[in-house]
Amino acid sequence: MKKFLLALFMVTISFSFVKAESYYVNDSGVEFSKKEYDFISNMFYEGYQNYVTLEDLEKIRSLKLYDSPIEKITSPEVMPLINIYEKGRTLTLAKSCSSNECLVAIDVVWAGSPAVKSYDVIGTLLDSTTIVSYGPAAVAGTNYSKTYYSPQKFSNGFGYSVLFPNTTNVKMTASYYAEKKGRVFASYQHAMEKISEANSKLYTLSIGGAGYVFDFYGAAKDVYDEAAGLTFALN
């Protein structure tokens, strides 16, 4: 009987410890500790937790990224070569690395709302490194949320075509894991005129392209604003 009561006591203590570690539960039922929640907020933005699946979080846990530093670089707010917006947007490239691979996030935050709302592109070009796995592209705004899971893949990177929503407070994010070596380039290009989803995918990836990434051709040429990109080394 004493052994049973001791075992019951230990189970109760363990259960209480697990519950104490649970800081936030997203809409899909994924539970985050405070450390994990803060990591997602810093790596992406406050609220991105709702896009994180259990598989995503378990990957972060397995690499113990929440104990690793996050490095970020951010563009100036005014990025387009032509000033057609009341307010601009910022582009941020972030990384957090284990001993052999890095989580990389490309984040775009709009300060205003552009006149043209069509298919924008966000993506990355790789130099001397390899993608381990692809994350989604997420678009969020006031009363709006959409996730994209099928990037256009190339041997040297990928791109997502994302529809700019008819709302405010727009944020866009794309993420992936890459081997901890080489260099990555990130770009977000806004369409200055209406373009179809199919035509928005008319590009190859080239360091000489828009934002070091997108080399547009055909119906996509001269549609995008040639905004500057960002780059850093993963090693």
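It should be emphasised that the depicted structure is a prediction, and the values quoted were computed from it without experimental measurement. (Residues numbered from 1 in each chain as written. Predicted model: local features only at pLDDT ≥ 70, side-chain atom pairs only at ≥ 80, totals over all residues. Heavy atoms only, no water.)

1. Some details on the overall build of the chain
- Assigned secondary structure in the chain consists of 4 helices and 15 strands.
- Out of the 235 residues belonging to the chain, those deemed buried represent 47%.
- Residue pairs in contact within the chain that sit at least 24 positions apart in sequence constitute 69% of those at least 6 positions apart.
- With the model as given, the accessible surface of the chain reaches about 11,900 Å², and the carbon-plus-sulfur share is 54%. (Helix = DSSP H or I, 4+ residues; strand = E, 2+ residues; numbered from the N terminus. Buried < 20%, exposed > 50% of the residue type's maximum accessible area, 1.4 Å probe, protein only. Contact = heavy atoms within 4.5 Å. Areas by Shrake-Rupley, 256 points an atom, 1.4 Å probe, with all protein chains shown as cover.)

2. Regarding the nonpolar core
- Formed by 29 residues in total, the largest nonpolar core has its most connected members in Leu93, Tyr160, Met172, Tyr176 and Tyr188.
- Among the secondary structure elements, those contributing two or more residues to this core are strand 4 (89-97), strand 5 (101-110), strand 6 (119-127), strand 7 (131-141), strand 10 (157-163), strand 11 (171-179), strand 12 (183-189) and strand 15 (230-233).
- For this core, the element with the highest residue contribution is strand 5, accounting for 5 residues.
- The residues touching Leu93, leaving out its near neighbours within four places in the chain, are Glu71, Lys72, Ile73, Val104, Ala105, Ile106, Val184, Ala186, Leu230, Thr231 and Phe232.
- Listed in part, the 21 residues of the second largest apolar core include Val30, Phe44, Leu63 and Leu103. (Core = buried A, V, L, I, M, F, W, Y, C linked by side-chain atoms within 4.5 Å.)

3. Brief notes about the packing of aromatic side chains
- For the structure on display, the rule yields 17 aromatic pairs.
- For the ring pair Phe154 and Tyr203, a centre distance of 5.8 Å and an interplane angle of 40° mean the geometry is tilted. A residue pair is termed long-range when its members are at least 10 positions apart, and Phe154 in strand 9 (residues 152-154) and Tyr203 in strand 13 (residues 203-210) qualify at 49 residues.
- Residue Phe154 is classed as partly exposed on the basis of its relative accessible area, which comes to 24%.
- Judged by centre distance (4.9 Å) and plane angle (80°), the rings of Tyr203 and Phe214 are edge-to-face. With a gap of 11 residues between them, Tyr203 in strand 13 and Phe214 in strand 14 (residues 214-216) connect regions that are remote in the sequence. Phe214 shares its class with Tyr203; the two are buried.
- One aromatic cluster is present, built from ring pairs that chain together Phe154, Tyr203, Phe214, Phe216 and Tyr224. (Phe/Tyr/Trp six-rings, centres within 6.5 Å; stacked < 30°, edge-to-face > 60°.)

4. Let's talk about the sheet that holds strand 7
- Ordered in space as 3-4-5-11-7-8, the 6 strands form an open sheet in which the pairing is antiparallel. The sheet terminates laterally at strand 3 (71-74) and strand 8 (144-148), the two strands that pair on one side only. Taken over all neighbouring pairs, the strand axes of this sheet differ in orientation by 15° on average, direction set aside.
- With 9 bridges connecting them, strand 4 and strand 5 associate as antiparallel partners. Each residue of the ladder has a partner; that of Thr90, found in strand 5, is Val109.
- In this fold helix 2 (residues 34-43) packs onto strand 3, strand 4 and strand 5, with an angle of close to 60° to the strand it touches most, strand 5.
- Helix 3 (residues 54-63) rests against strand 5, strand 7 and strand 11 of the sheet, and its axis sits at about 45° to strand 11. (Pairing = 2+ DSSP bridges. Axes fitted to C-alpha atoms, helices over the stretch in contact; angles between N-to-C directions.)

5. What about the pairing of strand 15?
- What you see with strand 15 is a clean split: Leu230 and Phe232 sit on the buried side and Thr231 and Ala233 on the side with no burial.
- Summarising the sheet, strand 12 and strand 15 pair through 4 bridges and their orientation is antiparallel. Bridge pairing in strand 15 links Val184 to Phe232.

6. Regarding the sheet that holds strand 6
- One open sheet accounts for 5 strands, arranged 9-10-6-12-15; its pairing is antiparallel. Strand pairing shows two members of the sheet lacking a second neighbour, strand 9 and strand 15, which therefore form its edges. On average, each strand axis in the sheet is inclined to that of its neighbour by 15°, with strand direction left out of account.

7. Points about the layout of surface pockets
- Each pocket or cavity is described by its volume, and for the largest pocket that value is around 350 Å³.
- Forming the boundary of the largest pocket are 19 residues, of which Asp56, Tyr134, Gly135, Pro136 and Tyr177 lie nearest the centre.
- Of all the secondary structure elements, the ones that give two or more residues to the lining of the largest pocket are helix 3, strand 7 and strand 11.
- Residue composition of the lining of the largest pocket, by class: 12 nonpolar, 4 polar and 3 charged. (1 Å grid on protein atoms, 1.4 Å probe; cavity = no way out; pocket = protein on both sides within 12 Å on 5 of 7 lines; lining within 4 Å. Points joined across faces, edges and corners; volume = space filled by probe spheres on them. Nonpolar A, V, L, I, M, F, W, Y, C, P; charged D, E, K, R; others polar.)

8. Observations concerning helix 3
- Listed in full, the buried residues belonging to helix 3 are Leu57, Ile60 and Leu63. One side of helix 3 carries all its buried residues, which in axial view fall inside an arc of 130°. Facing away from the buried side of helix 3 by over 90 degrees, the exposed positions are Glu55 and Ser62.
- On its buried face, helix 3 is in contact with strand 2 (31-32), helix 2, strand 5 and strand 11.
- The first or second residue beyond helix 3 is Lys64, which carries a positive phi of 55°. (Arc of directions from axis to C-beta.)

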